[in-house]
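Descriptive analysis of the structure
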Amino acid sequence: MFRIFMIIAWAVLLVLLLYLWADVREIAGIVKENKRELLRSSLNTRASESFPNFQEEEQRAARQPREDGEKQPQKTALSASEEQVLNEVLTEFLG
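Every chain begins its residue count from 1, and numbering advances along the sequence as written. Local features in this predicted model are restricted to residues whose pLDDT is 70 or higher, and side-chain atom pairs enter the listing and the counts only when it is 80 or higher, whereas totals over whole chains, interfaces and linings include all residues. Heavy atoms throughout the structure, all of them, feed into the side-chain values; hydrogens and water do not.

1. Remarks on the overall build of the protein chain
Our working rule: Every helix listed is a DSSP run of H or I at least four residues long, and every strand listed is a run of E at least two residues long, numbered separately from the N terminus. Relative accessibility decides the category of a residue: with a 1.4 Å probe and only protein chains considered, values under 20% of the type maximum give buried, values over 50% give exposed, and everything between is partly exposed. Exposure was quantified through the Shrake-Rupley algorithm and a 1.4 Å probe, taking into account, for residues, occlusion by the shown protein chains and nothing else.
When helices and strands are counted, the protein chain shows three helices and zero strands. Mapped from its N terminus to its C terminus, the protein chain presents α and β elements in the order α-α-α. Across the 95 residues that make up the protein chain, the buried fraction comes to 3%. Summed over all atoms, the accessible surface of the protein chain reaches about 9300 Å², with 60% contributed by carbon and sulfur.

2. Overview of the pattern of salt bridges
So the rule is basically this: By definition here, a salt bridge exists when the distance from a side-chain nitrogen of Lys or Arg to a carboxyl oxygen of Asp or Glu is within 4 Å.
This structure, assessed with the given rule, holds two salt bridges. Among the salt bridges present, the one from glutamate 37 reaches arginine 40, with a minimum N-O distance of 2.6 Å. Here glutamate 37 and its partner arginine 40 are both found in helix α1 (residues 2-50), three residues apart, which amounts to about one turn of the helix. Relative accessible area serves as the criterion here: at 36%, arginine 40 is assigned to the partly exposed category.

3. Details of the environment of leucine 78
Spelled out, the test is: Residue contacts are counted whenever heavy atoms from the two residues lie within 4.5 Å of one another.
By the element assignment, leucine 78 lies in the loop between α2 (54-63) and α3 (80-94). Not counting residues within four places of it along the chain, the set of residues in contact with leucine 78 comprises Glu83 and Leu86.

4. Focus: a nonpolar patch on the surface
For the record, the criterion: Think of a patch as exposed residues, more than 30% relative accessible area, with no salt bridge, where like charges cluster within 9 Å and nonpolar side chains (Val, Leu, Ile, Met, Phe, Trp, Tyr) cluster within 5 Å.
Taken together, Phe2, Met6, Trp10, Leu13, Leu17, Leu20 and Val24 make up a surface patch of nonpolar side chains, about 760 Å² in accessible area. The residue phenylalanine 2 is located in helix α1 in this model. Relative accessible area serves as the criterion here: at 63%, phenylalanine 2 is assigned to the exposed category.

5. Things to note about the packing of aromatic side chains
How we decide: The criterion for an aromatic pair is that two Phe, Tyr or Trp rings (for Trp, the six-membered ring) have centres within 6.5 Å, with stacked assigned to planes under 30 degrees apart, edge-to-face to planes over 60 apart and tilted to the rest. Whether a charge lies above a ring is judged from NZ of Lys or CZ of Arg, which has to be within 6 Å of the ring centre and within 35 degrees of the ring normal.
Here the structure, examined in full by the defined rule, presents zero aromatic pairs. The side chain of arginine 25 reaches across the aromatic face of tryptophan 21, ending 5.2 Å from its centre.

6. Quick word on the confidence of the model for the protein chain
Condition: Per residue, pLDDT captures the predictor's confidence, and it can take any value from 0 to 100.
For the protein chain, the mean per-residue pLDDT works out to 79, and 69% of the residues sit at or above 70. For the protein chain, α2 is the element with the lowest average pLDDT, namely 65, and α1 is the one with the highest, namely 88.

7. As for the environment of arginine 36
Inspection of the secondary structure assignment puts arginine 36 in helix α1. Measuring from C-alpha to C-alpha, the distance between arginine 36 and valine 89 comes to 8.2 Å, with 53 residues separating the pair along the chain. Leave out the neighbours within four places in its chain, and arginine 36 touches Glu92 and Phe93.

This is the structure we're talking about:
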């Protein structure tokens with residue numbers, strides 16, 4: 001009789017641990033998604049700080065007639081800190 005109660009107790013304990021593990025994984029996923037949102041927000045804020053007149057430039061570009069079809073995107077050099085942030089973000093998203 002004692003062995004039956006021991007087996008039942010171990011089974012209940014195992015089920016509780018599985019529920020706990022599932023909750024921890026779910027919370028970890030939510031935390032990871034929140035980190036991504038914070039990084040996106042941070043990068044958007046940095047972009048708006050770096051380019052305060054960005055919206056005005058976009059509006060001017062939209063008003064100008066397009067020549068040769070579509071415009072070529074301008075390439076800019078990144079500083080070391082921006083490149084490091086970009087690498088961290090890519091690492092977070094890809095792996």
